[in-house]
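# Tertiary structure, described
Given next are the chains, with one letter for each unit.
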Amino acid sequence: MAEIGRDIDRAAVLLASGKVVAIPTETVYGLAGNAYDVHGISRIFEVKDRPSFNPLIVHTNSLDKIRTFVKEIPQVAIDLADALWPGPLTLLLQRNEIIPDLVTAGSPLVAVRIPNHPMSLELLSAIEFPLAAPSANPFGYISPTNARHVQEQLGDKIPYILDGGPSAIGIESTIIGFNELGQAEVYRFGGTPMEDIESIVGPLNMKLVASRKPQAPGMLKSHYAPNTQLLLCDIATTIPRINANKTGVLSFSKMYDGVPAQNQRTLSITGDLHEAAHELFATMRELDNMGLQIILAEEVPDTGLGKAINDRLRRAAETRIL
Ligand code: TXA
Ligand code: MG
């Protein structure tokens, strides 16, 4: 099992020697390795059992450091960075040759983010290299939002989990790229609401087409998925029609008749989307571990963080394709 602790120096030493370490961020926990070291990076793919066509996000703590591994930063990107970093936002930028092909799966673009977590920022400022880090879950499964989630699934494969408490946001970063005209485009909904981004760059283009060979695995139709079948539906009308004796409910804010209360979880009884995002993955895991036959889930209001929550619910509901 991995050691769980709060020792930033220890994490830094392990990372400098090519090991992978789980780190806390405000979105989800990441499985980090030295972004300049191909051996460290291959280990990330191995531990996650992640196909190598899926590029990784590179994390660091300053725009100056980012300038050392990208060619140029468009003005819109600088505007977004100034307003929203550190935070749950990832930007796709033209990389230079310091970033290994393995990190970007051969793409000329590198995904970059400054995470908003005090321990990770301290770690990132203590090391000379940026950290490539996907979410610290086995490929395709629900992302971890605390150290215990990481321990349960990857603990036998990594030496250390830096414990920064539960992730404040609870859902992965929003990914934004830039087209030839320098306009921002959305690649993945996430912890920064569209409204916040549009208030800086104006109306956004969407790049969010789910496919089997996606530009981002977050775009895979089946992803973030529990092992138990999850059905996204109108819960009230589905309960009487479902024949499963062990049915679970994952609702936004209310309890339903016809399913035992102990099999039901609400994301936020007050209907708060921040709370719902914060609870989403932990609640999905909890229901997934209850030995249920089916989980009935419903969409949340499609505004603010609701867009990212609904996106994750839809992908969790897809039949697995990998
Ligand atoms: O909040 C987050 O973004 C978390 C924390 C740990 O920072 N990380 C995360 O990583 O969600 P991961 O690997 O689970 O998802 C990263 C997404 C993937 O869908 C990947 O394809 C996309 O970023 N991505 C990375 N590099 C890319 C690139 N060059 N072009 C397009 N998409 C890219
Ligand atoms: Mg992931």
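To start, this report covers the structure provided alongside it. (Residues numbered from 1 in each chain as written. Chains lettered and ligands numbered in written order. Predicted model: local features only at pLDDT ≥ 70, side-chain atom pairs only at ≥ 80, totals over all residues. Heavy atoms only, no water.)

## Describing the packing of helix α4 (residues 75-84) against helix α8 (residues 194-201)
Relative to each other, α4 and α8 sit at 130 degrees, their axes nearing to 10 Å. Classified by the angle between their axes, α4 and α8 sit oblique to one another. Relative to α8, the crossing made by α4 is right-handed. Residues V76, D79, L80, A83 and L84 of α4 touch α8, and the partners they reach there are D196, I197, I200 and V201. Here the residues of the contact of α4 with α8 are counted per class, giving 7 nonpolar, no polar and 2 charged. (Axes fitted to C-alpha atoms, helices over the stretch in contact; angles between N-to-C directions. Helix = DSSP H or I, 4+ residues; strand = E, 2+ residues; numbered from the N terminus. Parallel < 35°, antiparallel > 145°, perpendicular 65-115°, else oblique. Left-handed = near helix turned anticlockwise from the far one by under 90°. Contact = heavy atoms within 4.5 Å. Nonpolar A, V, L, I, M, F, W, Y, C, P; charged D, E, K, R; others polar.)

## Some thoughts on the layout of surface pockets
Of the pockets and cavities examined, the second largest pocket occupies roughly 250 Å³. Q94, L109, F178, N179 and E180 are the residues nearest the centre of the second largest pocket, which is lined by 14 residues in total. Contributions of two or more residues to the lining of the second largest pocket are made by β5 (89-94), β9 (174-178) and β10 (184-188). Here the lining of the second largest pocket is built from residues that sort into 6 nonpolar, 4 polar and 4 charged. (1 Å grid on protein atoms, 1.4 Å probe; cavity = no way out; pocket = protein on both sides within 12 Å on 5 of 7 lines; lining within 4 Å. Points joined across faces, edges and corners; volume = space filled by probe spheres on them.)

## As for the sheet that holds strand β14 (residues 264-266)
Within a beta sheet, neighbouring strands are joined by backbone hydrogen bonds and run either parallel or antiparallel to one another. Spatially, 4 strands are ordered β12-β15-β13-β14 in an open sheet, and the strand pairing comes out parallel. Strand pairing shows two members of the sheet lacking a second neighbour, β12 (229-232) and β14, which therefore form its edges. Strand after strand, the sheet turns through a mean of 20 degrees between neighbouring axes, direction not considered. Pairing geometry for strand β13 (residues 247-251) and strand β15 (residues 294-297), over 4 bridges, is parallel. Across the sheet, the residue bridging to T247 is I294, located in β15. In the packing of helix α10 (residues 273-288) onto the sheet, the strands contacted are β12, β13, β14 and β15, and the crossing angle to β13 comes to about 175 degrees. Strands in contact with helix α11 (residues 306-317) are β12, β13 and β15; relative to β12, the strand with the most contacts, it is inclined by about 130 degrees. (Pairing = 2+ DSSP bridges.)

## Notes on the packing of helix α1 (residues 8-16) against helix α6 (residues 118-126)
At a minimum axis separation of 10 Å, α1 and α6 run at an interaxial angle of 50 degrees. Our classification of the angle between α1 and α6 gives oblique. The handedness of the crossing between α1 and α6 comes out as right-handed. Residues I8, A11, A12 and L15 of α1 pack against M119, E122 and L123 of α6.

## Quick notes on the sheet that holds β9
Strand order in the open sheet formed by 11 strands is β1-β8-β2-β3-β7-β4-β6-β5-β9-β10-β11, with mixed pairing between adjacent strands. Each having just a single partner strand, β1 (3-5) and β11 (205-206) make up the two edges of the open sheet. By the bridge criterion, 3 bridges tie β5 to β9 in an arrangement that is parallel. Paired with L91 across the two strands is I176, which belongs to β9. Packing against the sheet, α1 makes contact with β1, β2 (21-23), β3 (30-34), β7 (131-132) and β8 (160-162), and its axis sits at approximately 130 degrees to β8.

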